[in-house]
Amino acid sequence: MFYREAGQFKTNYAADLAVFPIMQDRIGLAIILFIAAVIIPWFGSSFLIQAVMIPFLIFSLAAIGLNLLTGYTGLLSLGTGAFMGVGAYACYKLTSYFPSVNILIWIVASGFFSAAVGVLFGLPSLRIKGFYLAVATLAAQFFLSWCFIRQPWFYNYNASGAIEVPTRTLFGIPITGATAADTTRYFVVLGFVVVMTWLASNLVHGRIGRMWMAVRDMDLAADLIGIRLLQTKLLAFATSSFYCGVAGALLVFLWYGGAEPAVFDVNLSFFILFMVIIGGLGSLTGSFFGAALIFIMPIALRYFPPKLGIPVHPATVEHIQYMIIGALIVLFLIAEPAGLARLWQVGKQKLRVWPFPY
Amino acid sequence: MKSNATRRSSTPILVWPTDMDILYKVFVDPFVQMGAAPDLLVQTLWEGLVAGVLYSLIALGFVLIFKASGVFNFAQGIMVVFAALTLVGFHEHGVPAFLALALTIAVMFGLAFAVERLILRPLVNQPDIILFMATFGLTYFLIGFGELIFGGETKVMIADQLLLPRGAIDIKMAGGFVSLQKIDIAAAIIASLMVATLAIFFQRTRIGRALRAVADSHRAALSVGISLEQIWVIVWFAAGLVALTTGIMWGARSDVSFALEVIALKALPVLILGGLTSIPGAIVGGLIIGVGEKLGEFYWGPLMGSGIESWFAYVIALIFLLFRPQGLFGERIIERI
Amino acid sequence: MRATGGPEAAVGDVLLSVENVSLSFGGVKAVSDVSFDIRKGEIRAIIGPNGAGKTSMLNVINGFYHPQQGRITFKGETRTRMRPHEAAYGGIARTFQNVALFRGMTALDNIMAGRTLKMRSSFFWQLFRYGPAMREEVEHRHRVEEIIDFLKIQEIRRVPVGRLPYGLQKRVELGRALAMEPELLLLDEPMAGMNLEEKEDMSRFVLDVNDQYGTTIALIEHDMGVVMDLSDRVVVLDHGIKIADGTPDEVKRNQAVIDAYLGVAH
């Protein structure tokens, strides 16, 4: 009874078109943002921020990127890891060549590099679809992975093949490198994720989102109503890769502090895809849910059993994690293909009539 | 790869020499090298064919399942590893080789049954892409499960105990040697037998016809009384047998480990090349990819930094996709409105 | 014959003409040497027994299929090959036998999707939504709401179309086609699978579209009563060839047409 739309009338179309038309939703969103921006950094432990919140936000961003391509436009991509890698390495090279330019600018710029690569590997989508397109994206994945490992230019000819992140500052405060505090890094990541989620939300609720979904649902009909297929698909590749590229740069610069090329392999692509499937294809909030489940679950698996007195070998944790994720994928595809996001919506529906059952 | 001559070495960094230099290095030099040491060429070709046979076998498993249930079974690769590990696992616990083989076959049947019950049945009539994604889930589940039960270390295949031949035959030719491993010859023979059996099975038997009907349309097959469940169990079991054979042959050559699973991803370009629904396509595609990869890696690889095997097959497949998406032998995809 | 009263007043010059079009798929000849024209402002019916090539004909006009022979002249421009989005930008809209709606979207979004070709705001403004993008969205929403009112589908605006009954889906599809403000509207069996009441509603909509908006309409239809009542002229196809062309009365009395429908061997 406290989650009701009754009495909330809209008197013009602009109000009706709002993303969160229901007042309770807006309040909920404000609360979440408050928790994220104030409560967590103030009260959260270093472990929570460094090992949970920062990577969760970064993976959510990557999941949003993939969701735009696969969930909204229907183009299955297995190259997410590689596009994240392009962003990371682009940022690294840019900041190596121009160390005095603010790193935030380079992070955004690396998104554009990633977008360009995404468009290049998205060109085949004009002629091929579905499973075949997925194979084409695998070509991108393997080729780019190989580049990161075998082309020493990418890692500045470093003997170990890995890259290490230099210290960069913002207004005099270090935000990357060994001296950057985790709360500082958290705020930078939070800023990126909030802004980019807002932009993505704007896109999918307007003309562009409709174009993408039309291509997903029936591309022949979309062609017919005047939607230019190639441009729309390439736009999806570009936007999606931009998001993944920025996520990759954030991953290396604001979380790991360095990277080995093996980080951006096909397994990463699959993990992000699983986040999108479980969270909900075609849902931005779903991307967050999926990232939470897939990322936080292994941490919980490692953390809780010892507290309950059950000894757990770290390698076993990883194996069980794979099994649980695999089983969850199948389960979600069977029971709720629209993922956690749909379950969330159903939950809200029930909340609308609470305390009545229906 | 074993060879009797030394490889030419060159710097692995992508340098930017003059134009003529590049043209020579890419379009002329490799062929000169081929001509200069023909025994090496034949050796490379043979290695390529051998790899190709194994790719074909994996692709065969995919084609079987796809032909008969319309599902693209991404988990085929891990099934190969799983089958091999189960076999070795039984043997390690003291079970004699051929009994272990029989038990593994039973396990593969159990797997087929479980997959049909838990994954295929609930997802009947869903769009293909959903089933495809479900096999991702299956893959990761099997990876975790396999590692949990068998451990992650590399194991040695019980090739001797299964009476598989060892050693090599050396053939003198063109001023050098070409060395053919007996196990590879055995693999080629066994693969051919398997393909022939499957082809006959599909074309001539009643069950084979039913399998083809199911591939065409689940609903239509149901309406003429074909039991989808039985068909699916049969076909996944058959794919499991193919996986087991592949696992044995591959393991005999280069040990059993989870790295095999990623190699199995190579089967995807093979299928693109050959056509998803064609058994001869899987064979031809596998051989072409195998040979192409090895030649590419040996003669052009050093120019670019080596390791191009990881993506070369995919680029070939991509080119095919752009010009002939149905592959060499597949059916033309026509969209009707 | 019906009187038309829309902005284009009486039935006028030829809007689209199909000349000697032949289309085959492999060995099968779907359409053989068919020619006819459609005049501006009229309602033209294309009829014929199953497999006559009617849908193929529409697909050729749309640009989905490219005929092996023949030409299409639309608004004075002749071409041998049309592409679907060229047809859309040129003013041709279409509905399908099997309802080609976007199942992941609501009815409102489907119809708004029809406005895509009229929407100009750039990607940059779409990123920010509030500003030029929103103004454009509201402006087009007005037009879409007019169509929703016209088709009387107000209550189902926010329902995902996959959940709508068949008759309503067809109406939403018509709405999406209307949103494109087409000059030529191609309807492929708009009444298929409907009961009498739904047919009457749909017929009324078709007539209103022609009257109020002056849209030229070509429709494929099996129900003879509908064809006779609605159309100005009829073209009859059988096994890919044109066997009659004229007013409904003329065609009704044509022996070849009667034979085709009754299945006389030829």
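Refer to the preceding data block for the structure.
The structure reproduced in this document is the subject of the present report.

## Regarding the overall build of chain B
Alright, step 1. Scanning chain B for helices and strands turns up 13 helices and 2 strands.
Alright, step 2. Relative to the 2.2 N^0.38 estimate, which gives 20 Å for 337 residues, the radius of gyration of chain B is 21 Å and therefore close to what a compact globule would have.
Alright, step 3. Seen along its three principal axes, the alpha-carbon backbone of chain B occupies a region of about 65 × 60 × 35 Å.
Alright, step 4. Residue pairs at least 24 apart in sequence account for 75% of intrachain contacts in chain B once pairs closer than 6 positions are excluded.
Alright, step 5. A total of about 15000 Å² of accessible surface is found on chain B, and carbon and sulfur atoms cover 66% of it.
Alright, step 6. Across chain B, the centroid of the 22 positively charged side chains sits 9 Å from that of the 22 negatively charged ones.

## Some details on the overall build of chain A
Alright, step 1. Counting its secondary structure elements, chain A contains 14 helices and 4 strands.
Alright, step 2. Computed over the C-alpha atoms, the radius of gyration of chain A is 21 Å, within 12% of the 21 Å expected from 2.2 N^0.38 for a compact globule of 358 residues.
Alright, step 3. Along the longest, intermediate and shortest principal axes, the C-alpha atoms of chain A span 65 × 55 × 45 Å.
Alright, step 4. When contacts within chain A are restricted to residue pairs at least 6 apart in sequence, long-range pairs at least 24 apart make up 73% of them.
Alright, step 5. Put simply, chain A shows about 14700 Å² of open surface, and 71% of that area lies on carbon and sulfur atoms.
Alright, step 6. The distance from the centre of the 20 positive side-chain charges to the centre of the 12 negative ones in chain A is 4 Å.

## Remarks on the state of the cysteines
All names here are of chain A.
Alright, step 1. Counting across every chain of the model gives 0 disulfides over all chains.
Alright, step 2. Its sulfur unpaired, Cys 147 is 18 Å from the next cysteine sulfur, which belongs to Cys 244.
Alright, step 3. A relative accessible area of 9% means that Cys 147 is categorised as buried.

## Focus on the interface of chain A and chain B
Alright, step 1. Each partner contributes residues to the interface: chain A has 42 residues there, and chain B has 44 residues.
Alright, step 2. Both sides of the chain A and chain B interface together cover about 3900 Å² of buried area, and 80% of this is carbon and sulfur.
Alright, step 3. Between the two partners, chain A and chain B, sit 0 salt bridges.
Alright, step 4. At the boundary of chain A with chain B, the tally comes to 2 residue pairs in polar contact (both at pLDDT 80 or more).
Alright, step 5. Mapped onto the side of chain A that touches chain B, the elements with two or more residues apiece are α6 (130-150), α11 (266-279) and α13 (314-335) of chain A.
Alright, step 6. Ranked by the residues each element gives to the side of chain A that touches chain B, the list is headed by α6 of chain A, at 12 residues.
Alright, step 7. Residue classes in the side of chain A that touches chain B are distributed as 33 nonpolar, 6 polar and 3 charged.

## Points about helix α10 (residues 229-256) of chain A
Residues and elements named next belong to chain A.
Alright, step 1. Taking 1.5 Å per residue as the helical rise, α10 with its 28 residues ought to reach 40 Å, and the 38 Å between its terminal C-alpha atoms agrees with that figure.
Alright, step 2. Its maximal kink placed at Leu 250, α10 deviates by approximately 30°.
Alright, step 3. Among the 28 residues in α10, 24 count as buried, and that is most of the element.
Alright, step 4. Trailing α10 by a residue or two, Gly 257 shows a phi angle of about 85°, which is positive.

## Thoughts on the sheet that holds strand β1 (residues 14-25) of chain C
Sheets are built from strands paired through backbone hydrogen bonds, the pairs being either parallel or antiparallel.
Residue and element names in this part refer to chain C.
Alright, step 1. Spatial strand order, β2-β1-β4-β5: 4 strands in an open sheet with antiparallel pairing. Looking along the sheet, the strands with just one partner apiece sit at the ends: β2 (28-39) and β5 (77-79). Shown here is a sheet whose adjacent strand axes are inclined to one another by a mean of 15°, direction ignored.
Alright, step 2. Strand direction decides the pairing type here: β1 and strand β4 (residues 69-74), joined by 5 bridges, are antiparallel. For Ser 17, the partnering residue across the bridge sits in β4 and is Thr 73.
Alright, step 3. Of the strands in this sheet, β1, β2 and β4 touch helix α1 (residues 54-62), which is tilted by about 115° from β1.

## Side note on the nonpolar core
Alright, step 1. Counting 295 residues, the largest nonpolar core has Phe 274 of chain A together with Trp 236 and Leu 268 of chain B as its most contacted members.
Alright, step 2. There are two domains that each give this core at least three residues, and those are domain 1 (1-91 + 183-266) and domain 2 (98-181) of chain C.
Alright, step 3. By size, the runner-up hydrophobic cluster in this structure holds 8 residues, among which are Ala 45, Val 236, Ala 244 and Val 251 of chain C.

## A closer look at the pattern of salt bridges
All names here are of chain C.
Alright, step 1. Applying the stated criterion across every chain, the model contains 21 salt bridges over all chains.
Alright, step 2. With a shortest N-O distance of 2.9 Å, Arg 115 and Glu 181 are connected by a salt bridge. Note that Arg 115 is positioned in the loop between α3 (107-114) and α4 (123-128) and Glu 181 in the loop between α6 (166-179) and β7 (184-188), a separation of 66 residues in sequence.
Alright, step 3. Salt bridges linked by common partners bring Asp 37, Glu 42, Arg 44, Arg 233, Lys 242 and Asp 245 together as one network.

## Let's talk about a nonpolar patch on the surface
Alright, step 1. A surface patch of nonpolar side chains, about 940 Å² in accessible area, is lined by Met 23, Ile 27, Ile 31, Phe 34, Ile 35, Val 38, Ile 39, Trp 42 and Phe 43 of chain A.
Alright, step 2. Along the chain, Val 38 of chain A falls in helix α2 (residues 23-43).

## Concerning the packing of α11 of chain A against helix α5 (residues 128-150) of chain B
Alright, step 1. The interhelical angle for the contact between α11 of chain A and α5 of chain B, taken along N-to-C directions, is 120°, at an axis separation of 12 Å. The angle between α11 of chain A and α5 of chain B falls in the class oblique. Remark: the crossing between α11 of chain A and α5 of chain B carries left-handed chirality. On α5 of chain B, the residues that touch Asn 267, Phe 270, Phe 271, Leu 273, Phe 274 and Ile 277 of chain A of α11 of chain A are Met 133, Phe 136 and Tyr 140 of chain B.
Alright, step 2. For the contact of α11 of chain A with α5 of chain B, the class distribution of residues is 8 nonpolar, 1 polar and no charged.

## Concerning the sheet that holds strand β3 (residues 43-47) of chain C
Residues and elements named next belong to chain C.
Alright, step 1. An order of β6-β7-β8-β3-β9-β10 is seen for the 6 strands of this open sheet, with the pairing classed as mixed. Either end of the sheet is taken by a strand with one partner, and the two such strands are β6 (92-95) and β10 (241-246). Averaged over neighbouring strand pairs, the angle between their axes works out to 15° when direction is ignored.
Alright, step 2. Across 4 bridges, β6 lies against β7 in parallel orientation. Residue pairing for β7: Ala 93 is matched across the bridge by Leu 185.
Alright, step 3. Strands β3, β7 and β8 (216-220) of the sheet are contacted by helix α7 (residues 196-213), whose axis makes an angle of about 155° with β8.

## Let's talk about the pairing of β3 of chain C
Residue and element names in this part refer to chain C.
Alright, step 1. Most of β3 sits out of view: 5 of its 5 residues are buried.
Alright, step 2. Residues Ile 43, Ala 45 and Ile 47 point to one face of β3 and Arg 44 and Ile 46 to the other, with burial holding for every one of them.
Alright, step 3. With 4 bridges connecting them, β3 and β8 associate as parallel partners. For Ala 45, the partnering residue across the bridge sits in β8 and is Leu 219.
Alright, step 4. Strand direction decides the pairing type here: β3 and strand β9 (residues 233-238), joined by 4 bridges, are parallel. Bridge pairing links Arg 44 to Arg 233 in β9.

## Comments concerning the packing of aromatic side chains
Alright, step 1. Tallying each qualifying case throughout the model produces 47 aromatic pairs over all chains.
Alright, step 2. Summarising the aromatic geometry, the rings of Phe 124 of chain C and Trp 125 of chain C are spaced 5.4 Å apart at their centres and angled 70° between planes, so their arrangement reads as edge-to-face.
Alright, step 3. Ring centres of Phe 150 of chain C and Tyr 213 of chain C lie 5.8 Å apart, and the angle between their planes is 75°; on these two criteria the pair is classed as edge-to-face. Of this pair, Phe 150 of chain C sits in helix α5 (residues 132-151) while Tyr 213 of chain C sits in helix α7, and the two are 63 residues apart along the sequence.
Alright, step 4. Site record: aromatic cluster; members linked through ring pairs are Phe 270, Phe 271, Phe 274 and Tyr 322 of chain A together with Phe 62, Phe 72, Phe 74, Phe 132, Phe 136 and Tyr 140 of chain B.
Alright, step 5. Between Arg 176 of chain C and the ring centre of Phe 102 of chain C, over which it is positioned, the NZ or CZ distance is 4.7 Å.

Thresholds, definitions, all that
Residues numbered from 1 in each chain as written. Chains lettered and ligands numbered in written order. Predicted model: local features only at pLDDT ≥ 70, side-chain atom pairs only at ≥ 80, totals over all residues. Heavy atoms only, no water. Helix = DSSP H or I, 4+ residues; strand = E, 2+ residues; numbered from the N terminus. Rg over C-alpha atoms; globule rule 2.2 N^0.38 Å. Contact = heavy atoms within 4.5 Å. Areas by Shrake-Rupley, 256 points an atom, 1.4 Å probe, with all protein chains shown as cover. Lys, Arg positive; Asp, Glu negative; His and termini not counted. Charge placed at Lys NZ, Arg CZ, Asp CG, Glu CD. Disulfide = S-S within 2.5 Å. Buried < 20%, exposed > 50% of the residue type's maximum accessible area, 1.4 Å probe, protein only. Buried area = accessible area lost by both parts, 1.4 Å probe. Salt bridge = Lys/Arg side-chain N within 4 Å of Asp/Glu carboxyl O. Polar contact = N/O pair within 3.5 Å; in protein donor to acceptor, adjacent residues only side chain to side chain. Nonpolar A, V, L, I, M, F, W, Y, C, P; charged D, E, K, R; others polar. Expected span 1.5 Å × (residues − 1). Bend = angle between axes of the 7 residues up to and from the residue. Pairing = 2+ DSSP bridges. Axes fitted to C-alpha atoms, helices over the stretch in contact; angles between N-to-C directions. Core = buried A, V, L, I, M, F, W, Y, C linked by side-chain atoms within 4.5 Å. Domains from an automatic or database assignment. Patch = residues over 30% accessible without salt bridge, like charges linked within 9 Å, V, L, I, M, F, W, Y side chains within 5 Å. Parallel < 35°, antiparallel > 145°, perpendicular 65-115°, else oblique. Left-handed = near helix turned anticlockwise from the far one by under 90°. Phe/Tyr/Trp six-rings, centres within 6.5 Å; stacked < 30°, edge-to-face > 60°. Lys NZ or Arg CZ within 6 Å of the ring centre and 35° of its normal.

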